[in-house]
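# Architecture at a glance
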Amino acid sequence: MRKCSIEKLYSAFSELSSTMQIYLPVSNEEGKANYEKWTEGKLWSEALNTERSAKDFFFPQTEDLMKFKTEGKNIEIIDIRSEKEDFVIFGARACDVRSFDILDRVFLTDPVDSFYKARRDKGVIVSTACSRPAETCFCKAFGIDASEPCGDVTTWRVNDEVYFKSNTEKGDAFMKKIEKFTEECDEEKVDEQKAKIKKIIDKLPLSDLDTSDFGGGKTAEFFNSPLWAEMSSTCLGCGTCTFVCPTCQCYDIKEFNTGKEVIRYRCWDSCMYSEFTRMAHGNNRLTQTERFRQRFMHKLVYYPENNDGIFGCVGCGRCLSKCPISMNIVKVMKKLGGNE
């Protein structure tokens, strides 16, 4: 294990930024954080979580896929893919780090999404333990340890010092690049912080959230439940929950004619939208109840059934804080599981 002061960390960023992009949480005037590219003077925010997840780095909200040019009956297909630069996502929380594993199972299985893979190969994930988990957090329910997140490198911020532990070959390479700014140390302060974090998590309102009622093989049990109509009755279909979710992976592919060329691009979509997966014959989910059911069945039943029991939720709590009607996955789990 190694450590350095916050000041030396910024010096390391200054040197690294000449060869790679560094992104870290930065707070705005309202105290809310989002990822920004590091430049001199930007400070690493201690806010618990970013408003938007780190998913954007690998699966951006909009992305051009290719271009077409037509001349008479001739069509020229232009491959716009380019070599991606190395970059570092610094300060990712345990929930967001777990979300990458969930996305990998979607985009890196055959057929592999080459756009996603190109970014994944170039990205280095430096995670940070949650020293002050929020009341909306429930990552523990999905087996995530907020006191020791995964990633290529794990860090702990203790007062004005940062402690580092490498977990992968990418992590080893990153630590080698900042070696002169760090020094060897023991794990005593880190162990103390990990113990404090675990105590805080155990006291959170949702620390005892039970997932045992859900998982693969539960489709028949929940699909026709009358509770879906009740729970979805006030849903606005706004898609906020899917927009802030670090694991939602639905997208649409569209084309735009600029007058000179046609651009094919993809953009995030939401199963909560009335035109989601609409085809020539219409839509296969005609009501908001059906769309509401799809979202939560996918997180709690369909995804784990096809992915070794891993749930499609990481307990980050973003949907709890952002939903305008306060209807979220925790309420759904408690209602369906009879634990309300």
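Cut-offs applied
Residues numbered from 1 in each chain as written. Predicted model: local features only at pLDDT ≥ 70, side-chain atom pairs only at ≥ 80, totals over all residues. Heavy atoms only, no water. Helix = DSSP H or I, 4+ residues; strand = E, 2+ residues; numbered from the N terminus. Pairing = 2+ DSSP bridges. Axes fitted to C-alpha atoms, helices over the stretch in contact; angles between N-to-C directions. Contact = heavy atoms within 4.5 Å. Patch = residues over 30% accessible without salt bridge, like charges linked within 9 Å, V, L, I, M, F, W, Y side chains within 5 Å. Areas by Shrake-Rupley, 256 points an atom, 1.4 Å probe, with all protein chains shown as cover. Salt bridge = Lys/Arg side-chain N within 4 Å of Asp/Glu carboxyl O. Lys, Arg positive; Asp, Glu negative; His and termini not counted. Charge placed at Lys NZ, Arg CZ, Asp CG, Glu CD.

With that settled, consider unusual backbone geometry. Cis geometry marks the peptide bond from D110 to P111; its omega dihedral reads -5 degrees. Position of P111 relative to the elements: it lies in the loop between α2 (94–107) and α3 (114–122). Positive phi outside glycine occurs at D308, with the angle close to 55 degrees. Here D308 shows up in the loop between α9 (288–306) and α10 (318–322). Despite not being glycine, S326 has its phi angle at roughly 55 degrees, a positive value. Within the fold, S326 resides in the loop between α10 and α11 (329–336).

Right, let's get into the sheet that holds strand β4 (residues 62–71). One open sheet accounts for four strands, arranged β5-β4-β12-β11; its pairing is antiparallel. Two strands close off the open sheet at either side, each with one partner strand: β5 (74–79) and β11 (251–257). Going from strand to strand, the sheet's axes swing by 25 degrees on average, the running direction of each strand aside. Both β4 and β5 contribute to a ladder of six bridges, which runs antiparallel. Within the sheet, the bridge partner assigned to K67 lies in β5 and is I78. Here α3 sits on the sheet in contact with β4 and β12 (262–268), set at roughly 130 degrees to β4.

The next point concerns a negative patch on the surface. Negative charge collects at one region of the surface, where D186, E187, E188, D191 and E192 lie side by side. In this structure, E187 sits in the loop between β10 (183–184) and α5 (188–203).

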